[in-house]
Every structure is written in C-alpha cells, then in structure tokens.
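Spelled out, the chains give:
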Amino acid sequence: MTRLVARLLQRLLGRLPIGWLQLTHNRTRLAAALAGVAFANILIFIQLGFLGALIESIGLPYRMMNAEILVAASDANTLSDGSPLPRQRLYQTLAVPGVSAATAVYYNRLDWKQPDGTIRTLDVFGIDPSTQAFRSGEINAELDRLKLSDTALIDRKTRNVPRDLFPSIGAGRPYQFEANNRSITVVGTFEIGGGFAADGYLVVSDQTFLRLFKRRVPGAPNMIFVKVEPGVPAATVVERLRAALPDSDTTVRTVAEAVASDQRFQTTQKPIGIVFGFGIVIGVLVGVIVVYQVLSSDVADHLREYATFKAIGYKRGFFLGIVFEEALVLALLGFIPGLAIALLLYQVIAASTGLPITMPGTRPLLVLLGTLAMCTLSGAIATRRLERADPADLF
Amino acid sequence: MQTLPSIAQPRAQDEPPIVVSGLSHWFGEGDVRKQALGDIHLAVARGQLVMLMGASGSGKTTLLTLIGCLREVQEGSIRLLGRELKGASADRLVESRRRLGFIFQAHNLHESLTAHQNVRMGLDVHEGVPETEREDAAAHVLALLGLGDRATYLPANLSGGQKQRVAIARALVGNPDVIFADEPTAALDKDSGYDVVALLKRLARARGTTILMVTHDNRILGLCDRIVTLQDGRIVRDEKSETS
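Residues numbered from 1 in each chain as written. Chains lettered and ligands numbered in written order. Predicted model: local features only at pLDDT ≥ 70, side-chain atom pairs only at ≥ 80, totals over all residues.

## Considerations on the overall build of chain B
For clarity, the cut-off: Per the convention used, a helix needs a DSSP run of H or I reaching at least four residues, while a strand needs a run of E reaching at least two, with both numbered from the N terminus. Two things to know: the radius of gyration comes from C-alpha atoms, and the globule rule equals 2.2 Å times the number of residues to the power 0.38. Using C-beta atoms placed from the backbone, we call a residue buried if 20 or more other C-beta atoms fall within 10 Å of its own, exposed if 12 or fewer do, and partly exposed for counts in between.
A tally of regular secondary structure across chain B gives six helices and 10 strands. For chain B, whose C-alpha radius of gyration is 18 Å, the value lies close to the compact-globule estimate of 18 Å for 244 residues. In terms of overall dimensions, chain B has a C-alpha envelope of 50 × 40 × 35 Å along the principal axes. Per-residue burial over chain B gives 46% buried out of 244 residues.

Encoded structure:
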C-alpha cells in the first residue's frame, strides 16, 4: 500500500515522494500526527455540527408557521424574547391591503416537572384554535380539542421524557401533568424538534395559555402571523405593514427574514453561538500546532540529509516541496478518520439530545479545504527551520 | 568498463578544472576574526586524485568547502570548471554544485530512502533526464559498486562499507566533473577503506573526473596522484605521489 502510494505520488510530483517516504518511515510519529490532525478535525466537525444544529433548530418553529410575514415587538431578537405587542396591531394588520389573514400568537416558556423531580423546559405557543396558525396537519386536526380548557398538544421530539409517553398519547390515552398550579391534559402530538434552550414545544389555545400564565393578558400577544393574498408579493405587504404599524413597538419581516435575523443574532450575539465559533478556532489552532510540531521536528531530524541535498545542488523550492508534501499527506490522511469519527459522534449526539445535528454535503469539503490550509500554514512555519541546514557544516 | 549514461555538460577543456590563486579566508569578526587560509595557490588537472592533508585546523576542510562552492570566496580567486567563484551569486553557486559530487565522512544517506533512491537523488537534481534513464543510471552505478543486490535496502540494513559505497554511487551518478570527499574512509576498517577509495579512483579515472579528498588516512596515500599538505592555513608541501 505504502509503495503503491509512493509510486502514485512520484508520478504526480515528478520526483521521489520524499515527504511521504519520510512520514511512513517513522510509523509511530505518523500515527501520532494523524491522531492529532484527526482530533483537530473532530473538534471542528463537532463545533460546526453544534453550530449547524443551533442554526437549524432556530429555523424549525418558523418553518411550522402558516404565514409569510411575522409581526413582532421591535425589541424581539428571537422568538423567545421581546416585549408583547398591543393587540391593536392585529386589527391594524388585518386592515392592510394584501393581507388575507392574521392571527395573534402568544409565547412563553414553561417548566414541566417530571415525576422524578427533574424539570423539562417547553416553549409554549398559545394560538387561536379557530385559525390554522401552524402548517402542521397534526396540530390543525386537533384544533377543536384544543378549544377545551387546559388541553395541549406536545412535540414528539421533546427530550428526556418517558419512552412510552408519546405512543400512549397517540393511542388515545391523554397524558396529564401539573404546571403553574394547573392540570394540563395532553391530547395529541406533533413534531418540531427541540432546540438548545428548550426541550420541546407545547401548543395550547390562547385561553389555556392565559390561564397557564396568569400574568399575561389577552391584549398583549407576542407576535402576529400574517398570510398574504395569493398573487401579492410578500415584500410589498411588508412595506405596507411597516408604513401602517409604528416602528416604535413593532418590527415587520417576512418569515424568511425573521429566521435569518434570529439565526444571525443567536450565532453572533448570544454566548452559545460565540462559544461554538471559538470552538472552531480552537480546533484549527490545535491542528496548526500539532502539524507544526510534527513537521518541525521532522525537519530538525533530517537537517543533515537536507544539508546534503543542498550540497548536491537542490534549491529551496525542493525542500519547501517536501515539507508541503508532508503537510498535505497529513491533512488528507488525518481528515479521513476525523470525518468517520465525527459522523459517528453526530449520530450519538443526535440520538441522545434530539438536536438536529447533521452533516451537510458541503461541510466535509469545507473542513477538508480548511485542513489543507491549516496544514499548509503549519508547513510554512516549519520551513523556517530549513535555513539551519548549511551544507558547509557537513564537513 | 561500462560508462554511465551521461548528462550533457560543458567541460572547460582549456584550463585545469580547479585553479586557486591568492586565496585567503577568515572566520569571525572583530577581535575574534581568525584567518583560516592565507595566500593559497593551487591548480589541479583533470582526472587527478589529490589528497589534502594536514593537522586539524590546518584549513584543508575550509579549502575544500570554498572550492566546492559551499562558502563564498572572500579574497583571492577560485576558478572552478572555467568559471570564477569570487562574487558569484548564491544561485550560481548552487548551479555550479550540480556539476560536482560530494562524499562525506558520515555517509549522510537519507534514512527513509532505499539505496537506489539515495543514488537517484544525485541524479534527480539535473533536469531533462528521462525517467527511464535515471532509473537505469542509478541501477547501473550501484551495480558497478557491487551493490546491485542491495538496491532496495534502506541504509539501516546496510553495513558501514556498503553505506559509503552508496554515498560514492550518489556522488558519481550525476557524472560530475569534480568530486569532493571528506574523510571517506574514517568510518571504515582498513581493507574496506582501501577498497572503497580504489573503486572511487577507478571509476573516476575512467570518466576523467577530478577528485579532491581530505584525509588523515595514511593507508590510502598510495592511491593518490598528488598530496597537498596544509599547515596553519598555508600550503607547506605539494608533491606527486610516488605510486602515481
């Protein structure tokens, strides 16, 4: 195998693949180097996976909205923060040409105490059960039951709940639990998927919502889902709404814009997004340091041979070629186990957390390119040691 | 004897390949500046095997590295293969070294390359040689040195004498005009040392290659054409060998 690669590289490089031969000559060092590169790759993949899961999970509830436009409070950066809106904005919205429907939606976070004493956090949406606020057929099929006091629908992807809970509800056995001094009856399920802040979602009627959260009032919903008349561009209606609604307390965006804004805010302003970004940087640094250590000690160990080649008449470009050849070999060979282990870890993390952690096709390519750049940078730093190879010192 | 596939290189036919005149060299600066060579004059004819002898610190290695284009000439003149080295750029020194062969006291073979690959390194520095010709030349010169059956061996699996013969093969394979050898027998026993230098001389002579060799080894004096002795940076004796 080693010889086969050596022959292939020799054809590719048009010279003896000295970098490859040096690396494979010392198998222990090669294994340590590959482990280091693979570790850096895993670190980067995991951080990118978490960052991707964060971005994906932010978009999940938005994609469920049966709306093209979202009206929210002007200080709302995400779905879960911001002040309530005056209900008057709903009526103003309905009066704008091009709006076919609008519905007020309440939002709050609920702590759900489990029988074992642990707490699950649910994002609760309070909707008008006479309208189809969400696209989910499962939610819309149960709207009449939501009209009953203190009934709810729960996200089947809610984390850390008894395994038989959702099949039992699906089989027609409602589940009751206590929260905020009220007894809630879960009569059905739907599917969104939990994010980083909450374990899952709960959908209730606006009346149930106001009973569940006693400090909330009917005149102050959190957002308004707006449907646009067929044939009217959403951007046109957004402009009209912005003109009609005071920007002192409202912000009007298409749902797509709202998702992008929320994702941007959470990945650049919130600690969790920044931490993942730092994780990627640390992964790159680990890779650079590991590869530099390997390459620079390799150069140091072969200074006499390099000095001999200098004496023979090889120029600087030849030695740079060897070091970069080693850097590229390390990048490529370290990437393969790094990717394989990262894919395995993605599955483990997705299964244990319910986070939408997946490997898009472009990510391995980007990480590979980053790894090549990382190893090339390390190689460039390591080549400084080549200057010490003075052929006159050989005599 | 077979000849190696040759690399077309111009050879200066009108003057000796090595002409040194008024050469002086110093190491260090200021108070610690020390003269290593003083007013050296030397001309070496084509095909000669010249041994540089002298005590440690006499300047023989400095002279070898200066003629071998491994140091810049400070004062005086060195004409190597018809070209002046004083004032030559670093690039031109490198280019000049491609027409030379080097054999070191420590063989300095690359540990991860086979004997064949190590020899090829002496040839790969030259451009425009077809791949098959490189392969054939490396195999041929190894065979000439009696190492045909060791071509795929790594240096770690070769004896001291075999390693030094691979180093000689590496120096010879590029068909150099001049070979510089530094104590090539130091790590070898008496018989191996003599055999290695005898072989080197035979192969070099067949191809008109000049050899400049630094040595303390009296056992191989009989093989040389000329002995130049240095003392305190000056040539104190320059004599033809009785056996030449």
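## Things to note about the overall build of chain A
Assigned secondary structure in chain A consists of 14 helices and nine strands. In terms of principal-axis extent, the alpha carbons of chain A reach across some 95 × 50 × 35 Å. Within chain A, buried positions represent 42% of all 395 residues.

## Topic: the interface of chain A and chain B
What counts here: Contact between residues is assigned whenever the C-beta positions, reconstructed from backbone atoms, fall within 7 Å. Residues are grouped as follows: Ala, Val, Leu, Ile, Met, Phe, Trp, Tyr, Cys and Pro are nonpolar; Asp, Glu, Lys and Arg are charged; all remaining types, including Gly, are polar.
On the chain B side, the residues contacting the 18 residues of chain A number 22 residues. Among the secondary structure elements, those contributing two or more residues to the side of chain A that touches chain B are helix 2 (18–25) and helix 12 (303–312) of chain A. At six residues, helix 12 of chain A tops the list of elements feeding residues into the side of chain A that touches chain B. The residue makeup of the side of chain A that touches chain B, split by class, is 10 nonpolar, four polar and four charged.

## What to know about the pairing of strand 9 (residues 226–231) of chain B
All names here are of chain B. In plain terms, the rule: Here, any two strands with at least 2 DSSP bridges between them count as paired.
Here four bridges tie strand 3 (residues 49–53) to strand 9, and the two strands are oriented parallel to one another. The residue of strand 9 that forms the bridge with Met-51 is Ile-227. Judged from the six bridges that link them, strand 9 and strand 10 (residues 234–240) form a sheet pairing that is antiparallel. When the bridges of strand 10 are listed, Gln-231 appears paired with Arg-234. A loop of two residues connects strand 9 with strand 10, the two strands running antiparallel in sequence, and Asp-232 in this loop sits at a positive phi of about 50 degrees.

## Digging into the packing of helix 2 of chain A against helix 13 (residues 316–353) of chain A
For any two helices packed against each other, one specifies the inter-axial angle together with the distance between the axes. All names here are of chain A. The cut-off we apply is this: For every element, the axis is a line fit to its C-alpha atoms; helices are fit only across the contacting stretch, and the angle between N-to-C directions ranges from 0 to 180 degrees. Throughout this description, any angle smaller than 35 degrees is read as roughly parallel, any larger than 145 degrees as roughly antiparallel, any in the 65 to 115 degree range as roughly perpendicular, and the remainder as oblique. Here is the rule for handedness: rotate from the far helix to the near one, and if that takes an anticlockwise turn smaller than a right angle the crossing is left-handed, while a clockwise turn gives right-handed.
The N-to-C vectors of helix 2 and helix 13 enclose an angle of 60 degrees; their axes lie 7 Å apart at closest approach. Between helix 2 and helix 13, the crossing angle belongs to the class labelled oblique. Between helix 2 and helix 13 lies a crossing of right-handed hand. Touching Ile-18, Gly-19, Trp-20, Gln-22 and Leu-23 of helix 2 are Ile-322, Glu-325, Glu-326 and Val-329, all from helix 13. Broken down by class, the residue content of the contact of helix 2 with helix 13 amounts to five nonpolar, two polar and two charged.

## Some thoughts on the domain arrangement of chain A
All names here are of chain A. The following threshold applies: What marks off one domain from the next here is an automatic or database domain assignment.
Taken domain by domain, chain A comprises domain 1 (2–57 + 271–394) and domain 2 (84–248). Across the contact, six residues belong to domain 1 and six residues belong to domain 2. Considering only residue class, the side of domain 1 that touches domain 2 consists of three nonpolar, three polar and no charged.

## Remarks on helix 2 of chain A
Every α-helix carries 3.6 residues per turn, so stepping three or four residues along brings you back to the same face. Residues and elements named next belong to chain A. Counting buried positions along helix 2 gives six out of eight residues, so the element sits mostly inside the fold. When we look at burial in helix 2, the residues that qualify are Ile-18, Gly-19, Trp-20, Leu-21, Gln-22 and Leu-23. In the core, the buried residues of helix 2 are packed alongside helix 1 (2–13), helix 3 (27–64), helix 11 (271–301) and helix 13.

## Brief notes about the environment of Thr-251 of chain A
Residues and elements named next belong to chain A. Topologically, Thr-251 is positioned in strand 9 (residues 250–254). Taking the C-alpha atoms as reference, Thr-251 lies 5.8 Å from Val-71; in sequence the two are 180 residues apart. Excluding anything up to four places from it in sequence, Thr-251 contacts Ala-72, Ser-74 and Ala-76.

## Some thoughts on the packing of helix 3 (residues 115–124) of chain B against helix 4 (residues 131–144) of chain B
Residue and element names in this part refer to chain B. Look at helix 3 against helix 4: their axes get within 9 Å of each other, and the N-to-C directions meet at 120 degrees. Relative to helix 4, the element helix 3 lies oblique. In terms of crossing hand, the pair formed by helix 3 and helix 4 is right-handed. Contact residues: Ala-115, His-116, Val-119, Arg-120, Leu-123 and Asp-124 in helix 3; Arg-134, Ala-137, Ala-138, Ala-139, Val-141 and Leu-142 in helix 4. A breakdown of the residues in the contact of helix 3 with helix 4 according to their chemical character gives eight nonpolar, one polar and three charged.

## As for the sheet that holds strand 5 (residues 175–179) of chain A
Within a sheet, each strand pairs with its neighbour through backbone hydrogen bonds, oriented either parallel or antiparallel. Residues and elements named next belong to chain A. Taken in spatial order, the nine strands of this open sheet run 5-6-4-7-3-2-8-1-9, and their pairing is mixed. Both outer strands of the open sheet, strand 5 and strand 9, are each paired with one neighbouring strand and no more. Neighbour to neighbour, the strand axes of the sheet diverge by 30 degrees on average, direction disregarded. Relative to strand 8 (residues 223–228), strand 1 (residues 69–73) runs antiparallel, the two sharing four bridges. Residue pairing across strands places Val-71 opposite Ile-224, the latter belonging to strand 8. Sheet strands in contact with helix 10 (residues 255–268) are strand 1 and strand 9, and its direction is about 110 degrees off that of strand 9.

## Quick look at the sheet that holds strand 5 (residues 83–84) of chain B
Residues and elements named next belong to chain B. Strands sit in the order 2-1-4-5 across an open sheet of four strands; the sheet is antiparallel. Where the open sheet ends on each side, the last strands, each with one partner, are strand 2 (34–44) and strand 5. Each of strand 1 (18–27), strand 2 and strand 4 (75–80) is contacted by helix 1 (residues 60–67), which is oriented at about 120 degrees to strand 1, the strand it contacts most.

## Side note on the confidence of the model for chain B
Residues and elements named next belong to chain B. Put simply, the rule reads: For every residue, the predictor reports its confidence as pLDDT, a number between 0 and 100.
Per-residue pLDDT for chain B has a mean of 87; in total, 93% of the residues score no lower than 70. Note that residues 1–12 has pLDDT below 50 and, in this model, 21 contacts with residues that lie over four places away or in other chains. Quick note on the complex model: pTM equals 0.77, ipTM equals 0.86.

## Observations regarding the environment of Thr-185 of chain A
Residues and elements named next belong to chain A. Positionally, Thr-185 belongs in strand 6 (residues 182–190). Looking at Thr-185, the number of C-beta atoms within 10 Å reads 15, which means it is partly exposed. Sequence spacing of Thr-185 and Leu-153 is 32 residues, and the spatial spacing of their C-alpha atoms is 8.5 Å. Once residues within four sequence positions are removed from consideration, Thr-185 is found in contact with Asp-150, Thr-151, Ala-152, Pro-174 and Gln-176.

## Concerning helix 10 of chain A
Put simply, the rule reads: Expected span, for any helix, means 1.5 Å times one less than how many residues it has.
Over its 14 residues, helix 10 of chain A extends 20 Å from the first C-alpha to the last, a length consistent with the 20 Å expected when each residue adds 1.5 Å. Contacts made by the buried residues of helix 10 of chain A are with helix 3, strand 1, strand 9 and helix 11 of chain A.

## Here's the deal with unusual backbone geometry
All names here are of chain B. Positive phi values are uncommon outside glycine, yet Asn-108 reaches one of about 55 degrees. The topology assignment puts Asn-108 in the loop between strand 6 (100–103) and helix 3. On the basis of neighbour count, Asn-108 is assigned to the buried category, with 22 C-beta atoms found within 10 Å.

## Observations regarding the environment of Leu-202 of chain A
As for its placement among the helices and strands, Leu-202 of chain A is situated in strand 7 (residues 200–205). Here the alpha-carbon distance between Leu-202 of chain A and Tyr-107 of chain A, two residues 95 residues apart in the chain, equals 9.9 Å.

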